[in-house]
Amino acid sequence: MTPVDTHEAYVQVEREIGLLLRRSRAISARLSRELHPDLDGAAYGLLALLQDAGPLRASDLVARLGLDKSTVSRQVSTLVALGLVTREADPADGRAQVLSTSPEGAARLSRIRDARRARWEADLADWPTEDVATLGELLARLNRLGEAREAEDG
C-alpha cells in the first residue's frame, strides 16, 4: 500500500468539499424552486431545518443556518405567505414567535426528500452498502465538527 501524503490528503479534502458546496448551492436553488417557483436557494434549507428541529424562533434559524437576519426574515415572510410555514406565539415567551412547517410545507418537503433519496439510491447503487454507511458516518462527523466550530466562534 502506498503511503498517504498528509498535505495532499488535505488538498484533496479542500478541493472535494469546495466542489460539494458549489453543487449543494445549485441543488438548494433547484429544490427551493421545486417547493415553489418564487423561492430562492435559502428557502429549502430553512424549511428542512424547521421540519427537522422546529418549532424554532427566527433567531435560531439565523444562528443554525449562518444566514443574516434580513435573508431569514425575507425567506420566512415568503414561506408564511405561501402557506408553507406557520407562526405561533412562543409558549415559553408570548412576546416571541416560533415557526413551524405547515402541513402543506411538510408534504412538499417530504415529496422532494423522497425523490432526492431515490436519486441517491440510484446514483450509489453500485457502491457496497458499507461504503454508503461509512460516507454517512464521515459526513456526520464532519458536520459535528463544523457545528462545534460555529459554537466556539459564535
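Conventions and cut-offs
- Residues numbered from 1 in each chain as written.
- Predicted model: local features only at pLDDT ≥ 70, side-chain atom pairs only at ≥ 80, totals over all residues.
- Heavy atoms only, no water.
- Helix = DSSP H or I, 4+ residues; strand = E, 2+ residues; numbered from the N terminus.
- Buried < 20%, exposed > 50% of the residue type's maximum accessible area, 1.4 Å probe, protein only.
- Contact = heavy atoms within 4.5 Å.
- UniProt positions renumbered as here; feature names shortened; annotations may be inferred.
- Expected span 1.5 Å × (residues − 1).
- Arc of directions from axis to C-beta.
- Pairing = 2+ DSSP bridges.
- Axes fitted to C-alpha atoms, helices over the stretch in contact; angles between N-to-C directions.
- Parallel < 35°, antiparallel > 145°, perpendicular 65-115°, else oblique.
- Left-handed = near helix turned anticlockwise from the far one by under 90°.
- Nonpolar A, V, L, I, M, F, W, Y, C, P; charged D, E, K, R; others polar.

J.: Sorry if this is basic, but what is going on with the overall build of the protein here?
T.: Per the secondary structure count, the protein includes six helices and two strands. Reading the helices (α) and strands (β) of the protein from amino to carboxyl end gives α-α-α-α-β-β-α-α. With the C-alpha coordinates aligned to their principal axes, the bounding extent of the protein is approximately 60 × 35 × 25 Å. Looking at the protein as a whole, 22% of its 154 residues are labelled buried. In the protein, once contacts between residues fewer than 6 apart in sequence are set aside, the share between residues at least 24 apart is 47%.

J.: Honestly, the UniProt feature "domain: HTH marR-type" (unreviewed entry) in the protein in this entry has me stumped. Any pointers?
T.: UniProt tags residues 13-144 as "domain: HTH marR-type" (unreviewed entry). Within residues 13-144, the helical portion is 70% and the strand portion 11%, while the C-alpha atoms at the span's ends are 17 Å from each other.

J.: Honestly, the side chain of Ser-100 in this entry has me stumped. Any pointers?
T.: Along the chain, the position of Ser-100 falls in strand β2 (residues 93-101). By relative accessible area, Ser-100 is classed as buried at 18%. Setting aside residues no more than four positions away along its own chain, Ser-100 makes contact with Leu-50, Pro-55, Leu-84, Val-85 and Thr-86.

J.: Quick question: what am I supposed to make of helix α4 (residues 69-81) here?
T.: At 3.6 residues per turn, the α-helix brings residues three or four places apart onto the same side. Taking 1.5 Å of rise per residue, the 13 residues of α4 would be expected to cover 18 Å, and the 18 Å separating its terminal C-alpha atoms lies within 8% of that figure. For α4, the full list of buried residues reads Thr-71, Val-72, Gln-75, Val-76 and Leu-79. Along the axis of α4, the buried positions cluster into a sector of 125°, meaning they face one direction only. Looking at α4, the residues exposed on the side facing more than 90 degrees away from the buried face are Lys-69 and Ala-81. Contact partners of the buried residues in α4: α2 (42-53), α3 (58-65), β1 (85-90) and β2. Two residues or fewer past α4, Gly-83 is found with a positive phi of approximately 80°.

J.: I keep staring at the pairing of β2 and nothing clicks. Help me out?
T.: Side chains on a regular strand alternate between the two faces of the sheet. Judged from the six bridges that link them, β1 and β2 form a sheet pairing that is antiparallel. Residue pairing in the sheet places Arg-87 in a bridge with Leu-99 of β2. The antiparallel hairpin formed by β1 and β2 contains two residues in its connecting segment.

J.: What exactly am I supposed to notice about the packing of helix α1 (residues 6-35) against helix α5 (residues 103-123) here?
T.: The description of two helices packed together rests on the angle between their axes and the distance between the axes. Running from N to C, α1 and α5 point in directions that differ by 135°, and their axes come no closer than 10 Å. Relative to α5, α1 is oriented oblique. The hand of the α1/α5 crossing is right-handed. Of the residues in α5, those in contact with Leu-31, Glu-34 and Leu-35 of α1 are Arg-108, Leu-109, Ile-112 and Arg-116. Residue composition of the contact of α1 with α5, by class: four nonpolar, no polar and three charged.

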